Amino acid sequence: MKRKKLLILVVTIILLLTFAATAIFADGDEPQAVDLDTNGDGAIDYRISFRGPGSVKWSLDRQEKEYKFMSETIYTYQLKEDDEKVGTLSLTLRQIEEKDVIYYLKYEYDKPVSDLRAVITSINESARTGRNGATKIKGHLIKYGSVVTNQNSSWGTFDLSYTHGENLPLNAVFLDSPTHHLRLGLVDVFKPLKNQVRQEHIEKSLPIEVSRVETDLNYTIIFPREPGYFVENWGILGSSPLIDWTDQLAVNAAKTGDLVRYRKLSTDGIYYLTPWNYYPSEKDAFWLNPASTYHVAGMFSRYDSGSYFRDIAIVSMYSAIETQTKDHYWVSTPRSDWLYQDYGIPSGFYDTRFNTDVATYLLDMYEKTGEKLALEAAENYATWLRSYVKDQGIPTSGGGMLVPDYFKKGYKHKKTNVSLNHLVAEMNFLYKLYLTNNDFANFKIAELIRRGVRDTGRNWIRDDGNLHYAYLGDGKYGMQDYPLLTLNDLRLGQELIMKTGKDGKPDAVFEMLIKAKENYLIKNNKPIR
């Protein structure tokens, strides 16, 4: 028995030492490099190292987590000069299914430090052409117009071909050689604003430097000296193509799901440009949108033309799981001026649609991957949602319930409007979860919401045939509905009603609302799909 325990201990130690990232560190010295194996053959494919002035002393805290599809190691370095803290540098490594490594760098300043840099090395880079041994690598990047959106942008290509060195474009780039495939991100410089909003300052960003040392390529990230700001950079290091550039649908999806300038990826999720009616709302300011997992990662999860899409889908799943609050929902951290002025709701509120989208994504990912943590998080949210419907819902004439869109726990405020798309999405999620775990409590509340829609059915149809966006209270309906979002929610709701109902028949009221919206779109020469 003792020999068996000893063998288990030895094997465990070996696995820990050979897990994709290994670092042994002595306080006060420059950190030892972190070696990465991105194809499971035991050889080193990449190395990440740090450089700084000799006057700076480094100390390390290391944390590790293991998930079913991802291993995470976080290195947090405290930097001191003359025993005074000058900054905090963190390196987060997330290895997806023992292959690609997503790295995140973050530096937070206390005082200026000169010549602080991170070096990412491609080991034994094989892309060699020409008599002089120049390296030639194919690069892809997203090009923007005068306004940064994912609609007017396009893909551009370039050749990274040099002898002595050069800089990468001031952008995120995908680089492909015969042996190495990587995504190196923009070196983002952010100014922290209130309510966990961050403002991009691209004019302070520095390009990544490229140099060759024998058979290795070094990509050097220089941290700008900007006290009062923080710097982030992320990328993916792999040994197989991240994107199949011959698959146009996948290439277009990667552009639509832009994570360079239009959105930002960080360890806690995907940040969106802050709406004009949120506070703070500055030019190029970003906030952590809870529904980003559904919007971007949900789209990416449908593609398999390169590992980039699954990498983002997996890491987004775990980010959503980790950022769920102890009350089992996700918070919108900025303040909505509209909600604050009309209903008295401050920052840090609950948005039913964004939250239900997150939970739906987690449920979808459970069905695709079997990750039980995703199902557990979705079930926890359902517990919160069922309670919320009972406590905050607005009863309808036939015993149904309408559910207010927004809420701030522990804060007295007016009940908000009830949007039809929010309402039906909540019903759909509970039906889907019921089909997954057979928990009748979810079916019961889904039926309560369905009854609420049925009780108010014709009231949702405007005189021109379009649908009202929301119930405004006191028997009033109004606001402009989305072209297709609510319609698609209703269609999915009808499918789920037929799947979960005993007779398998469609709901006549839902059919009426679907037909009204379709007829309105057709009448106005607009697409219905």
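What comes next concerns the included structure.

Parameters and conventions
Residues numbered from 1 in each chain as written. Predicted model: local features only at pLDDT ≥ 70, side-chain atom pairs only at ≥ 80, totals over all residues. Heavy atoms only, no water. Helix = DSSP H or I, 4+ residues; strand = E, 2+ residues; numbered from the N terminus. Polar contact = N/O pair within 3.5 Å; in protein donor to acceptor, adjacent residues only side chain to side chain. Salt bridge = Lys/Arg side-chain N within 4 Å of Asp/Glu carboxyl O. Pairing = 2+ DSSP bridges. Buried < 20%, exposed > 50% of the residue type's maximum accessible area, 1.4 Å probe, protein only. Phe/Tyr/Trp six-rings, centres within 6.5 Å; stacked < 30°, edge-to-face > 60°. Lys NZ or Arg CZ within 6 Å of the ring centre and 35° of its normal. Core = buried A, V, L, I, M, F, W, Y, C linked by side-chain atoms within 4.5 Å. Expected span 1.5 Å × (residues − 1).

### Considering the side chain of Gln-324
Turning to step 1, where the next piece is worked out: One can find Gln-324 in the loop between α4 (307–323) and β23 (331–332).
Turning to step 2, where the next piece is worked out: A distance of 3.2 Å separates the side chain of Gln-324 from the backbone oxygen of His-328, its partner in a polar contact.
Turning to step 3, where the next piece is worked out: Within the local environment of Gln-324, its side chain forms a polar contact with the backbone oxygen of Ala-377, the two atoms lying 3.1 Å apart.

### As for the pattern of salt bridges
As a working rule, side chains carrying opposite charge can pair if their charged atoms are close by.
Turning to step 1, where the next piece is worked out: Overall, the coordinates contain 29 salt bridges when judged by the stated rule.
Turning to step 2, where the next piece is worked out: Each of Asp-188, Glu-200, Arg-261 and Lys-264 takes part in one network of salt bridges that share partners.

### Details of the sheet that holds strand β17 (residues 216–222)
Backbone-to-backbone hydrogen bonds pair the strands of a sheet. The strands run either parallel or antiparallel.
Turning to step 1, where the next piece is worked out: Taken in spatial order, the six strands line up as β1-β2-β7-β17-β16-β11 in an open sheet, and their pairing is antiparallel. With partners counted over all chains shown, the strands left at the sheet margins are β1 (34–36) and β11 (166–167), one partner each.
Turning to step 2, where the next piece is worked out: Relative to β17, strand β16 (residues 209–213) runs antiparallel, the two sharing five bridges. Bridge pairing links Val-210 to Tyr-219 in β17.

### Focus: unusual backbone geometry
Turning to step 1, where the next piece is worked out: Look at the link from Tyr-279 to Pro-280: it is a cis peptide, with omega at 0°.
Turning to step 2, where the next piece is worked out: Checked against the element boundaries, Pro-280 lands in the loop between β21 (278–279) and β22 (285–288).
Turning to step 3, where the next piece is worked out: A positive phi angle, near 60°, is found at Asn-195, a position not held by glycine.
Turning to step 4, where the next piece is worked out: Structurally, the position occupied by Asn-195 is in the loop between β14 (188–192) and β15 (198–200).
Turning to step 5, where the next piece is worked out: Look at Asn-195 and you get partly exposed, because its relative accessible area is 23%.
Turning to step 6, where the next piece is worked out: Non-glycine residue His-328 carries a positive phi angle of around 80°.
Turning to step 7, where the next piece is worked out: Mapped onto the elements of the fold, His-328 is located in the loop between α4 and β23.
Turning to step 8, where the next piece is worked out: Assessed through its relative accessible area of 27%, His-328 is described here as partly exposed.

### Some words on the pairing of strand β7 (residues 117–122)
Turning to step 1, where the next piece is worked out: β7 sits mainly inside the fold: five of its six residues count as buried.
Turning to step 2, where the next piece is worked out: Here strand β2 (residues 46–51) runs beside β7; their pairing, made up of six bridges, is antiparallel. Each bridged residue has a counterpart across the sheet, and for Phe-50 the counterpart in β7 is Ala-118.
Turning to step 3, where the next piece is worked out: Pairing between β7 and β17: six bridges, direction antiparallel. Across the sheet, the residue bridging to Ser-122 is Leu-217, located in β17.

### Describing the packing of aromatic side chains
Turning to step 1, where the next piece is worked out: Scanning the model with the defined rule gives 36 aromatic pairs in all.
Turning to step 2, where the next piece is worked out: Judged by centre distance (5.9 Å) and plane angle (45°), the ring pair of Tyr-107 and Phe-223 falls under tilted. With Tyr-107 in strand β6 (residues 101–109) and Phe-223 in the loop between β17 and β18 (230–238), this residue pair connects regions lying 116 residues apart in the sequence.
Turning to step 3, where the next piece is worked out: Judged by relative accessible area, which is 0%, Tyr-107 ranks as buried.
Turning to step 4, where the next piece is worked out: With a relative accessible area of 3%, Phe-223 lands in the buried category.
Turning to step 5, where the next piece is worked out: Put simply, the rings of Trp-155, Phe-174, Trp-245, Phe-300, Tyr-303, Tyr-308 and Phe-309 pair up and form one aromatic cluster.
Turning to step 6, where the next piece is worked out: Taking NZ or CZ as reference, Lys-106 lies 4.9 Å from the ring centre of Phe-230, over its face.
Turning to step 7, where the next piece is worked out: Residue placement shows Arg-263 over the ring face of Tyr-272; its charged tip is 5.3 Å from the ring centre.

### So, the nonpolar core
Turning to step 1, where the next piece is worked out: Trp-234, Tyr-308, Met-317, Leu-362, Tyr-381 and Phe-429 are the most contacted members of the largest nonpolar core, which has 102 residues in total.
Turning to step 2, where the next piece is worked out: If you look at the next biggest cluster of nonpolar residues, it comprises 43 residues, including Trp-58, Phe-223, Tyr-229 and Leu-237.

### Quick notes on helix α7 (residues 372–392)
Turning to step 1, where the next piece is worked out: With 21 residues, α7 should reach 30 Å at 1.5 Å per residue; the first-to-last C-alpha distance of 30 Å fits that figure.
Turning to step 2, where the next piece is worked out: Within the span of α7, buried status applies to Ala-374, Leu-375, Ala-377, Ala-378, Tyr-381, Ala-382, Trp-384, Leu-385, Arg-386, Tyr-388 and Val-389.
Turning to step 3, where the next piece is worked out: In this structure Glu-371 caps α7, since a side-chain oxygen of it lies 3.0 Å from the backbone nitrogen of Leu-373.

Read these as geometric descriptors, not functional statements.
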